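Structure at a glance
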Amino acid sequence: GAQMDHLGPVVGSAQLEEISAPMGKNVVNFLIFHPPLLLLSDREGRFRGEGVEPGEVAVAVRTLKKSIPWEGSVEIAPEKTAELEVVLDEGASLAGTILEPTGKPASWVQVQVGVVDQADPFLSQFAYTAPDGTYRIEGLPPGELEVRAGSSTEGMASGKIKATAGEEVRWDAVLSGGDEIVVRV
């Protein structure tokens, strides 16, 4: 793969090589936490990261479609190459319509969904509504998830959903017009 963005200094001389995360022909994003490094896989799910600090390295993996984000770690010895194989599981999807307080479709509103009590934005998912107020988010983990929709001008809405792998859950909301509305499905 290719290094897409380097957010910190290169430390050490270890390598993380031939990581593979098969999920059809989707490009996979890999995030290495120390030093911060965002890598993109090739179409076969492989990439190579150089300059990764030796030791136990936390890794997060996600695609933009269908699969559940993955977190784990790999031990990298100094002056060595480590390999890691990740199998991504099928996720759930969330779709719905967001309306303004007036009942009109809310366009360009951000809808964000994540695991309850999870603070890692890399593993949460988001989408913007279309002009007709609809949105769709794929690759959600099963379980209870928090959903938020918001606009600086039209207000907020939030709620919790329960999802299972392969299921499409529907969440429709009306923005509050300034105050947050909590919806439980």
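In this report, we go over the structure that sits alongside the text. All values derive from a computational prediction rather than experimental measurement. (Residues numbered from 1 in each chain as written. Predicted model: local features only at pLDDT ≥ 70, side-chain atom pairs only at ≥ 80, totals over all residues. Heavy atoms only, no water.)

The helix and strand inventory of the chain stands at 0 helices and 17 strands. A total of 185 residues make up the chain; the buried ones form 44% of that total. Excluding contacts between residues fewer than 6 apart, the proportion of contacts in the chain whose partners are at least 24 apart in sequence is 60%. For the chain, the exposed surface amounts to about 9,600 Å²; the carbon and sulfur share of it is 51%. (Helix = DSSP H or I, 4+ residues; strand = E, 2+ residues; numbered from the N terminus. Buried < 20%, exposed > 50% of the residue type's maximum accessible area, 1.4 Å probe, protein only. Contact = heavy atoms within 4.5 Å. Areas by Shrake-Rupley, 256 points an atom, 1.4 Å probe, with all protein chains shown as cover.)

Right, let's talk about the packing of aromatic side chains for a bit. Taken as a whole and judged by the stated rule, the model has 2 aromatic pairs. Relative to Y128, the ring of W108 lies with its centre 6.2 Å away and its plane at 45°, an arrangement referred to as tilted. Here the residue W108 occupies a position in the loop between β9 (92-99) and β10 (110-115), and Y128 occupies one in strand β11 (residues 125-128), the gap between them amounting to 20 residues. In this structure Y128 comes out as partly exposed when scored by relative accessible area, which is 43%. Between F126 and Y128, the aromatic rings sit 6.0 Å apart at their centres with planes inclined by 85°, giving edge-to-face as the arrangement. Among the aromatic side chains, those forming a connected cluster through ring pairs are W108, F126 and Y128. (Phe/Tyr/Trp six-rings, centres within 6.5 Å; stacked < 30°, edge-to-face > 60°.)

With that settled, consider the nonpolar core. Counting residues in each nonpolar core, the largest one holds 21 residues, and the members touching the most others are L94, I98, V111 and W171. Listed by contribution, the elements that provide at least two residues to this core are β9, β10, β12 (134-140), β13 (143-151) and β14 (155-163). Among all residues touching I98, those that are not within four sequence positions of it are P105, A106, V109, V111, T129, G133, Y135, A149, W171, A173 and L175. With 13 residues, the next largest nonpolar core counts F47, V52, V59 and I76 among its residues. (Core = buried A, V, L, I, M, F, W, Y, C linked by side-chain atoms within 4.5 Å.)

Looking now at the pattern of salt bridges. Under the criterion given, the structure shown has 3 salt bridges. E138 is the partner of R136 in a salt bridge, and the nearest nitrogen-oxygen pair spans 3.3 Å. With its nearest N and O atoms 3.1 Å apart, the salt bridge here joins R170 to D172. By relative accessible area, R170 is classed as partly exposed at 49%. Ionic contacts of the salt-bridge type, sharing partners, join the residues R136, E138 and E168 into one network. (Salt bridge = Lys/Arg side-chain N within 4 Å of Asp/Glu carboxyl O.)

Relative to the assigned elements, S176 resides in the loop between β16 (173-174) and β17 (180-184). What makes S176 buried here is its relative accessible area of 19%. For S176, the side chain forms a polar contact with the main-chain nitrogen of M156, separated by 3.1 Å. (Polar contact = N/O pair within 3.5 Å; in protein donor to acceptor, adjacent residues only side chain to side chain.)

Looking at the element boundaries, L140 is found in strand β12. The buried category is assigned to L140, whose relative accessible area is 2%. On a C-alpha basis, the gap between L140 and S93 in space is 5.9 Å, while along the polypeptide they are 47 residues apart. In this structure, L140 is in contact with I68, G91, A92, S93, L94, V113, Q125 and L145, ignoring residues within four places of it in sequence.

What follows is about the side chain of S151. Secondary-structure assignment places S151 in strand β13. A polar side-chain atom of S151 sits 3.1 Å from the main-chain amide nitrogen of E154. Other than its neighbours up to four places away in sequence, S151 contacts V109, M156 and L175.

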